[in-house]
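Given next are the chains, with one letter for each unit.
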Amino acid sequence: ELVGRLYYEEFDRKAARVEKRQAALEESALTVRAELDRDELDGFVTRMHDVEQERRRARSTELQEKYRATKKLVRLDGDQVKASVDRMYYQSKANRDQQLQMLADTHLAKPVPVKKLTKNQTAEVADRLFGGKR
């Protein structure tokens, strides 16, 4: 009985709060409903949208002029272009050759060095292997 009473009392209080809010909402909806004429509505739209857009556009233009440096257009003649292209080509070719050489030195197997024996060394080896019999 105690649980039921607590549950139903809370349920009733909640329903009363909802009903009170609903009544307040309906009352405010009745008093607020005022018709706006077309000129007043256009004034609101202009103030809220158009003026804000113009302000943002002006600020953007101001910041662009302040921070974006205008670059001077530089024209190169034919000799300068050819020198630049040659320099870029030969530098990149030299860098690539150097990189390939470094990779080859690092990762490719190095040939085993071959040692050549002199005649005296060959004779000593033969004596050692065959016991001096020739």
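Reading guide: rules and limits
- Along each chain, residues carry numbers from 1 onward, in the same order as the chain's sequence is written.
- Residue-level local features of this predicted model are given only where pLDDT is at least 70; pairs of side-chain atoms are given and counted only at 80 or more, and the full residue set underlies all totals for whole chains, interfaces and linings.
- Heavy atoms from the whole structure form the basis of all side-chain values; hydrogens and water molecules are not counted.
- The helix count covers DSSP runs of H or I at least four residues long, the strand count covers runs of E at least two residues long, and both are numbered beginning at the N terminus.
- In this treatment the radius of gyration is a C-alpha quantity, and the globule benchmark scales as 2.2 Å times the residue count to the 0.38 power.
- Think of it in three bands: with a 1.4 Å probe and only protein chains considered, a residue is buried below 20% of the maximum accessible area for its type, exposed above 50%, and partly exposed in between.
- The working definition used for a salt bridge is a side-chain nitrogen of Lys or Arg within 4 Å of a carboxyl oxygen of Asp or Glu.
- A residue's pLDDT is simply how confident the predictor is in it, with values from 0 to 100.
- Only centres within 6.5 Å qualify two rings of Phe, Tyr or Trp (six-membered ring in Trp) as a pair; their planes then separate them into stacked at under 30 degrees, edge-to-face at over 60, and tilted for everything else.
- Nonpolar side chains (Val, Leu, Ile, Met, Phe, Trp, Tyr) are joined into patches within 5 Å and like charges within 9 Å, using only residues with over 30% relative accessible area and no salt bridge.
- A 1.4 Å probe and the Shrake-Rupley method give the accessible areas. Residues count as covered only by the protein chains that appear here.

1. A closer look at the overall build of the chain
1) Next: When helices and strands are tallied, the chain shows four helices and zero strands.
2) Next: Taking 14 Å as the expected radius of gyration for a compact globule of 134 residues, we find that the chain reaches 47 Å, considerably beyond that expectation.
3) Next: If you line up the chain on its principal axes, its C-alpha atoms span 130 × 80 × 20 Å.
4) Next: Burial analysis of the chain (134 residues in total) assigns 1% to the buried set.

2. Digging into the pattern of salt bridges
When the charged atoms of two side chains with opposite charge come close together, those side chains can pair.
1) Next: Summed over the entire model, instances satisfying the criterion amount to nine salt bridges.
2) Next: Between Glu-10 and Arg-17 there is a salt bridge, and its shortest N-O distance comes to 3.8 Å.
3) Next: The salt bridge involving Asp-42 is made with Arg-38; its shortest N-O contact spans 3.9 Å. Of this pair, Asp-42 and Arg-38 both sit in helix α2 (residues 38–67), four residues apart, roughly one helical turn.
4) Next: Salt bridges sharing partners connect three or more residues here, namely Glu-10, Arg-13 and Arg-17.

3. Description of the confidence of the model for the chain
1) Next: Looking at the chain as a whole, the pLDDT averages 87, with 93% of positions reaching at least 70.
2) Next: The secondary structure element of the chain with the lowest average pLDDT is helix α1 (residues 2–32), at 84, and the one with the highest is helix α3 (residues 78–107), at 94.

4. Details of the packing of aromatic side chains
1) Next: For the structure shown, the criterion picks out three aromatic pairs.
2) Next: Between the aromatic rings of Tyr-7 and Phe-11, the centroid separation amounts to 6.1 Å while the plane-to-plane angle is 20 degrees, which identifies the pairing as stacked. Taken together, the positions of Tyr-7 and Phe-11, both in helix α1 and four residues apart, correspond to about one turn of that helix.
3) Next: By relative accessible area, Tyr-7 is classed as partly exposed at 49%.
4) Next: Classification of Phe-11 by relative accessible area gives partly exposed; the value is 49%.
5) Next: When the centroid spacing of 5.0 Å and the interplanar angle of 70 degrees are considered together, the rings of Tyr-89 and Tyr-90 count as edge-to-face.
6) Next: Overall, the relative accessible area of 45% leaves Tyr-89 in the partly exposed class.
7) Next: A connected cluster of aromatic rings, assembled from ring pairs, spans Tyr-7, Tyr-8 and Phe-11.

5. Focus: a nonpolar patch on the surface
1) Next: Taken together, the side chains of Val-74, Leu-76, Val-81 and Val-85 present a nonpolar region at the surface, about 350 Å² in accessible area.
2) Next: Inspection of the secondary structure puts Val-81 in helix α3.

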